[in-house]
Amino acid sequence: MVPRIRMLSFLEGAEAATGACVVIDVFRAFSLVPWALMGGARMVVPVRTEAEALAWKRRDPTVLLAGERDGKPLPGFDFGNSPSEIRRADLAGRVLIHRTSAGTQGLLAALEAGAFPVLAGSFLTAGATIRYLKSLELSELSIVAMGWNARDEALEDVLCAEFLKARLLGEHPDFGALRSEIREHPTGQRFFDPRLPWFPEEDFEHCMELDRYDSAIVATVDDTYGIRLQAAD
């Protein structure tokens, strides 16, 4: 059975999410998360603010911090919001605290709105996300394209949302064509602009691998960390 699918956008869309929910942030939050898990991170913990992340670091110096504001790395953090940087890091057994301007905000908002389950979505996890959703026999699904800073449309998130919907409906969209369109769009071109070194070219490639990670990424409650992102069982 195909669920009723609601296509939503930005932070207000996440706040209105009902049923199951996939929160999409292709560039770069929810492309970073699968790379962190593939690199051995024990979990990724989404938080809303830099202050929350830094407080975790003060309480527990073993945690690592990743995040951005306006795409730029944050002072006092171990990493920016860069999948290629995370791929090179030694994360084995570590907890990664993650703060971004769109993805983490939307995911936490959808959870607060009562959506369940809530998944972190990107092209890297598209096939696994579809399989997971189909296994649940859902009646309702919200797909939220978070966009730039959770308020401006980003083509990569819109096309990823449409890609997931099409796959759920049994269609087979051309990922190569989508990738090329995103590559030429201003949000894709950021990664090829030498004036924006916080958007390394490698990150485009690391965000645009289809089905690179073979598990859906689900938000669950953790007694210590609040909310954690891990591979679905």
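Our subject in this report is the structure included herewith. Along each chain, residues carry numbers from 1 onward, in the same order as the chain's sequence is written. Local features in a predicted model are, by the rule used here, given only for residues with pLDDT of at least 70; side-chain atom pairs are given and counted only at 80 or more, and totals for whole chains, interfaces and linings are based on all residues. Hydrogens and waters are ignored; side-chain quantities use all the structure's heavy atoms.

1. Topic: the overall build of the chain
Now for step 1: Secondary structure assignment for the chain yields 10 helices and 10 strands.
Now for step 2: Atoms counted for the radius of gyration: C-alpha only. Globule rule: 2.2 Å times the number of residues to the power 0.38. For 233 residues, the compact-globule estimate of 2.2 N^0.38 gives 17 Å, and the C-alpha radius of gyration of the chain, at 16 Å, lies within 12% of that figure.
Now for step 3: Structurally, the chain occupies a C-alpha span of about 45 × 45 × 30 Å along its principal axes.
Now for step 4: For the chain, with 233 residues in total, the buried portion stands at 56%.
Now for step 5: In the chain, once contacts between residues fewer than 6 apart in sequence are set aside, the share between residues at least 24 apart is 76%.
Now for step 6: In short, Shrake-Rupley with a 1.4 Å probe defines the accessible areas, and a residue's cover is counted only from the protein chains shown. Accessible surface computed for the chain: about 9800 Å², of which carbon and sulfur atoms make up 49%.
Now for step 7: Here the chain carries 25 positive and 34 negative side-chain charges, and the mean point of each set is 3 Å from the other. Helix and strand labels come from DSSP, where a helix needs a run of H or I of at least four residues and a strand needs a run of E of at least two; each type is numbered from the N terminus. Think of it in three bands: with a 1.4 Å probe and only protein chains considered, a residue is buried below 20% of the maximum accessible area for its type, exposed above 50%, and partly exposed in between. Two residues form a contact once any of their heavy atoms are found within 4.5 Å. The charge count includes Lys and Arg as positive and Asp and Glu as negative, but it does not include His or the ends of the chains. In this description, the location of a charge corresponds to atom NZ of lysine, CZ of arginine, CG of aspartate or CD of glutamate.

2. Looking at the pattern of salt bridges
Where charged atoms of side chains with opposite charge meet at close range, the side chains can pair.
Now for step 1: Within this document, salt bridges are pairs made up of a side-chain nitrogen of Lys or Arg and a carboxyl oxygen of Asp or Glu, the two lying within 4 Å of each other. Summed over all chains, the structure comprises 14 salt bridges.
Now for step 2: Across the salt bridge formed by Glu140 and Arg4, the nearest N and O atoms sit 2.5 Å from each other. Taken as a pair, Glu140 in strand S8 (residues 140–145) and Arg4 in strand S1 (residues 4–9) lie far apart in primary sequence, 136 residues in all.
Now for step 3: A salt bridge links Arg131 to Asp214, with the nearest nitrogen and oxygen atoms 2.7 Å apart. Pair noted here: Arg131 is in helix H6 (residues 126–136) and Asp214 is in the loop between helix H10 (201–207) and strand S9 (217–222), with a separation of 83 residues, a long-range link.
Now for step 4: Accessibility expressed as a relative area gives 46% for Arg131, which makes it partly exposed.
Now for step 5: The exposure class of Asp214 is exposed, given its relative accessible area of 59%.
Now for step 6: If you follow the salt bridges from partner to partner, you end up with Glu50, Arg69 and Arg99 in one network.

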